[in-house]
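# Inside the fold
Residues per chain are reported as follows:
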Amino acid sequence: MSASHNAATPPRDPLAFLESRRSVAFTDLGAPGPDPAQLDRLLAVAARTPDHALLVPWRFIVLEGEARGQASARLAAAYRLAHPDMEEARREKFAAIMGRLFTHAPVVVAVVSRPDRSTRIPVFEQELSAGAVCMNLLHAIHAQGFSGTWVTGWAATHPLALAVLGVEAGEQVAGLVHMGTARQMPGERPRPDMAALVRRWSPAGA
Ligand SMILES: Cc1cc2nc3c(=O)[nH]c(=O)nc-3n(C[C@H](O)[C@H](O)[C@H](O)COP(=O)(O)O)c2cc1C
């Protein structure tokens, strides 16, 4: 998908447009990415997500510009600290991956799940809302003419990595959403067999 799509013009076939979205590996994402005004709009769209009882059980941590390299370098250091017993060559291999993690895509957004445990709304539902924010963000990125991907992994789960990102107690990273321009678009991936997934309820089959 090129950046030429005009987000102000509804696609002729909105469902075909959704069908055309593919996740692009973050190592295949480069400049340009959304500028600050575009990013503000992307996040505002992502925040237009169903949220039981309006708890806003999520927030965003934006990595852009020089902060991407700085945070990645801290992740690499955290990775070394977390793996004192790992064979050195292996540790350095993964530390180097961490040291570049946020430097490929021009913008990376950590969608942080922060369920309010004091309410009657189940934590599960609040976490679903955070996941929906990630998906909404991916669609918004596509609509803006960019590409993105939703990943997690060590950087999104290890306590030392979460400390680097600024994730607080009681919070989790729902997704690291990398966004930018695809250097190459992947082909289609296998999709679920819908006939095997969908059943129409009938009294006889209940
Ligand atoms: C919560 C979550 C975490 C994921 N984490 C990773 C990951 O760490 N690494 C990875 O390669 N893919 C990960 N994926 C899968 C990618 O997003 C995958 O590229 C995507 O499903 C591709 O499908 P699409 O083109 O239909 O979007 C994750 C997906 C989800 C929903």
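Overview of the structure. (Residues numbered from 1 in each chain as written. Predicted model: local features only at pLDDT ≥ 70, side-chain atom pairs only at ≥ 80, totals over all residues. Heavy atoms only, no water.)

## Remarks on empty space enclosed by the protein
Overall, the coordinates contain one cavity of 30 Å³ or more when judged by the stated rule. In this structure, the largest cavity encloses a volume near 50 Å³. Lining the largest cavity are 10 residues, with Arg 21, Arg 22, Phe 146, Ser 147 and Gly 148 sitting closest to its centre. Going through the elements one at a time, helix H5 (123-143) and strand S4 (147-151) are the ones with two or more residues in the lining of the largest cavity. Partitioning the lining of the largest cavity into residue classes produces five nonpolar, three polar and two charged. (1 Å grid on protein atoms, 1.4 Å probe; cavity = no way out; pocket = protein on both sides within 12 Å on 5 of 7 lines; lining within 4 Å. Points joined across faces, edges and corners; volume = space filled by probe spheres on them. Helix = DSSP H or I, 4+ residues; strand = E, 2+ residues; numbered from the N terminus. Nonpolar A, V, L, I, M, F, W, Y, C, P; charged D, E, K, R; others polar.)

## Observations concerning the packing of helix H3 (residues 66-82) against helix H4 (residues 88-98)
It is the contact of H3 with H4, at a shortest axis distance of 7 Å, that shows an interaxial angle of 155 degrees. It follows from the interaxial angle that H3 and H4 lie roughly antiparallel. Regarding H3 and H4, the two cross each other, and that crossing is right-handed. Contacts between H3 and H4 involve Ser 72, Leu 75, Ala 76, Tyr 79 and Arg 80 from the first element and Arg 91, Glu 92, Phe 94, Ala 95 and Met 98 from the second. (Axes fitted to C-alpha atoms, helices over the stretch in contact; angles between N-to-C directions. Parallel < 35°, antiparallel > 145°, perpendicular 65-115°, else oblique. Left-handed = near helix turned anticlockwise from the far one by under 90°. Contact = heavy atoms within 4.5 Å.)

Coordinates in, geometry out; function isn't part of it.
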